[in-house]
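Chain residues, written in single-letter form:
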Amino acid sequence: MQGPSFSRAPLSANGPAYVSGPQPGYTGYPGTGGHTGLPGPAYAPVHSDQYGPPYEGSSPGTGGSPGSPESPYSPDSLGGSPSGDGSGAEDQFMDKDYTEYTEAAGKTGGSSPIQKVDPASGVSVRRPTDLVCVLISLVYLFGMLIFLAIVKNASIDGRAYSDVRRLSHGMDYQARLCGVDDGVQERPFVFWCRDDPAQKDFSIATTLNLKHPVCVEECPRQSGPSQLGPSQVECMMRPQGQGPAPEYAIQPVPNIPGGQFGNKENFFLMFREETVYATTYDSQLLSGRYCVPTNETLKADVLAFSGPLGLERLHKGFGSFKDCWLVMFFSVVVAVVVSLVYIFLLGSLKDAGNVVVCGCLIAVSIFLLLVAILLFMSATYGSPIFSRERYMDLNIFFKRVSEGQALIASMVCGCICLLLSFGSLSFFTNVNGHETKMETLIEASWSALMHMKSLFFIPPILAICKFFMMWLLCYNFMTLVSVGMYDDYRIVVEGELFAGMSKNFYFDPMMWWGIVVYVFGGLWLLEIFTSLGQFVISWCAVIYYFTSKDEDNEKVDIRSVAWKGLRIALLYHAGSIMLGASGIWLFRIPRMIAWIWSESLPHKDSNCGLASLNCCWEPIGRCFDACAGSKSDRKKAAGKWQSGDSLLQQWSKDAYQDVTIRTTHFFPAKEKAQKFIQSQSKVSKLTGECRPCTFIGVLAGGIAGFVVCYCTLSFGSIYNDPSKSGFIMDPLMVAFVAFFLCCHIAYDFCALLDHMADSLLYCFAYNKKFNKKTVDRFVPEEIQDLIGGEEIEKLTKPQHSWTGKAQPDMFVSTWSKKIHHTFHQWTQAGHAEH
């Protein structure tokens, strides 16, 4: 008996509604002439702007089970087994929970199970996943807000526990903020006095009193024959006491007999703290807040690791996050523009995409080489190209540390930049000559993007969200690192503490636990936006792939699909996205290291593109093969990390593809996704083939943001003038944060090509396993070219003439289901009798 036809009504902003069977007035897809060219029942979209399999709500199919002759999804129409897979391999990949969910567990009696999986594509309807993770995330966020509120409003002995002004101003010997607190409002700079106030020569200072700094109106300095700044300042001298320093031991009193009031022995202690006016010395301004000696020996004492500005400057540098966000926003805009241009050139130039990648690699290599040369010139202080003064202005290390320390730092960083430059060139030699597959995958991704143009709006939206999230995270981070307490008892006498004139502020070490939790939480919050973008791309890839091709064998345009995917992600899968984001960023780092180790190091077959230079590059590759092993050995060693059973590989964006298709929770999805990928050898080899494009695009966006941010902060008069309110103490720290943020943003743009290609390959692997008879109906032309047209043609034609024509009762699965339902009915009947 012929099963009833039904219409599948469209649901809110989700995949398309389908009409099964011939419909009156149906002429097929727009521009197809009414012919689908596909076996089985025709599928016509009720609305022309909705495509793909059903994704939300329950299926109304009640005209029989998928394996029964009465069903409109019969094996004859689909060309597969009664379960609808077409390959007989579905059960190998279906976990128990998912099977029970899709087979409508709990239905009894004569009614047949409700079909909840699209039989042609295998895509499930929507259901919420990992909801408990949403609750846990909200608890964490609420707890962190309470924690920050307590820290900001707490006080100890009437003094604020946290004050971000401590990060942008120095303190004197009384722990007063220079330029802020009462008594030193007009003295914004920190100065270290002479250790011996008897010295009167302005140009000579033997040692400094590093324990008791003072606030001054201006740094004392020598300009030609005249002296500028204060000639004398009020300095806190070292504690004076009777007895050997620094303990100042208590002395017994010999002329007073003991025994009075039960005393056995009498002691006395004379201890004195005082301030005196001491002659200043020649100094220079450092970081806009500190007056350090021009004498290199004394300057090294101040900047030493154990000195007052050793770790203090790193701590104070966090105060630069207060007024840098206009420049940071401009850096983000530059990174967005660079990333858009990059992916546009890769996608639109098609076969020339490899030229873009290699060109960016060479540009990065040259840039790093020039930086290395500039740093190595510190040995001659810039000679013969620059004058000494000009070079010291260009080299950032001479602005931060003493000359001796700057020379060492310049040489070390120069070596690092040289190695990175060499590594970029090595990466180029590995990419060159292996670009064919990468170009085809990029072409497939670009073709999908051209049919779903709304996807181009997602990365800029994520960039704005990440910018404001980073702003919020950095501003509250300043609150945490500015906490501390005051020590009024600085005089030590034989182990006992006494209060005096001097005071000291110190960071509360217990806050380290809060900072660690906060930093990990902040990285997780940033990764949530990245994971959201990856999920939307996976969703759009599924919609695109499982939309039938027209009569010209081309995909049709799909409007507003990105906004629908964004809605689905937030409405149903926010928990899975949050759970995945908690670990994907952590496992991405070693996964990238493993990939670079196995793919990017030079080897004997590396090709730089010029035959005349290959003879020079081959010995370098052989040296690496001798030291690190051949490329095949390295790939075998890294294969343990990159296998589907490895946590490093499972905690990746591939899990979102399984969440999208099968609507499973993240933990089973991350395992199933790798099983599907590994089950198809060609898909496994092609997955990640576009990773070089992402690697270079991320570096290009990050470097662009870093250069713009650092140059603006270093040379802009608003930010490098200590007298201005917007002064930035440490532009280098801000530039590194800009680099990290811009890399994060560029990664979202590159995912449009990289992750889209991987998602299309995954859809093909799933399609082949679930229902191989519909592969030719869905697979994009570019993926078909990569996999091979002959192989796909074999999937659509049975190898034997009787394949797929067996009656449903000949399958064990049909009998097992009947037995299960019969036994269930008997059980219920027995309960009813009792």
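These remarks concern the structure in this document. (Residues numbered from 1 in each chain as written. Predicted model: local features only at pLDDT ≥ 70, side-chain atom pairs only at ≥ 80, totals over all residues. Heavy atoms only, no water.)

Okay, the overall build of the chain next. Counting its secondary structure elements, the chain contains 28 helices and 20 strands. Every one of the 834 residues in the chain was classed for burial, and the buried ones make up 50%. Residue pairs in contact within the chain that sit at least 24 positions apart in sequence constitute 72% of those at least 6 positions apart. For the chain, the exposed area adds up to about 38,700 Å²; of that, 63% sits on carbon and sulfur atoms. (Helix = DSSP H or I, 4+ residues; strand = E, 2+ residues; numbered from the N terminus. Buried < 20%, exposed > 50% of the residue type's maximum accessible area, 1.4 Å probe, protein only. Contact = heavy atoms within 4.5 Å. Areas by Shrake-Rupley, 256 points an atom, 1.4 Å probe, with all protein chains shown as cover.)

Let's shift gears to the pairing of strand β16 (residues 290–293). Neither face of β16 is left uncovered, since the one carrying Tyr290 and Val292 and the one carrying Cys291 and Pro293 both have all their residues buried. Inspection of the sheet shows strand β5 (residues 189–191) paired to β16 by two bridges, in the parallel sense. Across the sheet, residue Val190 finds its bridge partner in β16, namely Tyr290. Across four bridges, the pairing between strand β15 (residues 283–286) and β16 is antiparallel. Counted as the bridge partner of Ser283 is Pro293 from β16. (Pairing = 2+ DSSP bridges.)

Glancing now at unusual backbone geometry. Generally, phi is negative for residues other than glycine and the peptide bonds are trans, each holding for most cases. Cis geometry marks the peptide bond from Ser383 to Pro384; its omega dihedral reads 5°. Along the chain, Pro384 turns up in the loop between α8 (353–376) and α9 (388–394). The phi dihedral of Asp130 falls on the positive side, at around 55°, and the residue is not glycine. Note that Asp130 resides in the loop between α3 (96–102) and α4 (131–153). Note on Asp130: relative accessible area 10%, which makes it buried. Positive phi values are uncommon outside glycine, yet Asp157 reaches one of about 55°. Here Asp157 is to be found in the loop between β3 (155–156) and β4 (159–160). Residue Asp157 is classed as exposed on the basis of its relative accessible area of 72%.

Right, let's get into a nonpolar patch on the surface. Nonpolar side chains collect at one region of the surface, where Phe329, Val333, Val337, Val341, Phe344, Leu345 and Leu349 lie side by side and expose about 560 Å² of accessible area between them. Along the chain, Val333 turns up in helix α7 (residues 325–349). (Patch = residues over 30% accessible without salt bridge, like charges linked within 9 Å, V, L, I, M, F, W, Y side chains within 5 Å. Salt bridge = Lys/Arg side-chain N within 4 Å of Asp/Glu carboxyl O.)

The end-to-end C-alpha distance of helix α15 (residues 574–599) is 35 Å, a good match for the 38 Å that 26 residues give at a rise of 1.5 Å each. A maximum bend of about 35° is found in α15 at Ile584. (Expected span 1.5 Å × (residues − 1). Bend = angle between axes of the 7 residues up to and from the residue.)

Glancing now at the sheet that holds β5. Hydrogen bonds between backbone groups are what pair the strands of a sheet, and the pairing can be parallel or antiparallel. Within the open sheet, the four strands sit side by side as β6-β5-β16-β15. Their pairing is mixed. Since the sheet does not close on itself, it has two edges, and those belong to β6 (214–216) and β15, each with one partner. Taken pair by pair, the neighbouring strands of this sheet meet at an average axis angle of 40°, ignoring direction. (Axes fitted to C-alpha atoms, helices over the stretch in contact; angles between N-to-C directions.)

The subject of this paragraph is the nonpolar core. Judged by nonpolar contacts, the single largest core of 138 residues is most densely connected at Phe321, Tyr342 and Leu455. With 23 residues, the single largest contributor to this core is helix α24 (residues 731–770). The contacts of Phe321, once residues within four sequence positions are left out, are Cys474, Met478, Met733, Val734 and Val737. Grouped together as the second largest cluster of nonpolar side chains are 28 residues, Cys178, Leu208, Leu303 and Leu309 included. (Core = buried A, V, L, I, M, F, W, Y, C linked by side-chain atoms within 4.5 Å.)

Further remarks concern the state of the cysteines. For the structure on display, the rule yields three disulfides. Cys178 shares a disulfide with Cys215; S-S distance 1.9 Å. In this structure the cystine formed by Cys178 and Cys215 twists about its S-S bond by roughly -75°; its chirality is therefore left-handed. Pair noted here: Cys178 is in the loop between β4 and β5 and Cys215 is in strand β6, with a separation of 37 residues, a long-range link. Judged by relative accessible area, Cys215 falls into the buried class, the value being 8%. Put simply, Cys193 and Cys235 are joined by a disulfide, and their sulfur atoms are 2.0 Å apart. Disulfide Cys193 to Cys235: torsion about the S-S bond roughly -85°, handedness left-handed. Taken together, the residues span a long stretch of sequence, with Cys193 in the loop between β5 and β6 and Cys235 in strand β9 (residues 232–236) at a distance of 42 residues. When the cysteines engaged in disulfides are numbered in sequence order, the chain pairs them as 1-3, 2-5, 4-6. (Disulfide = S-S within 2.5 Å.)

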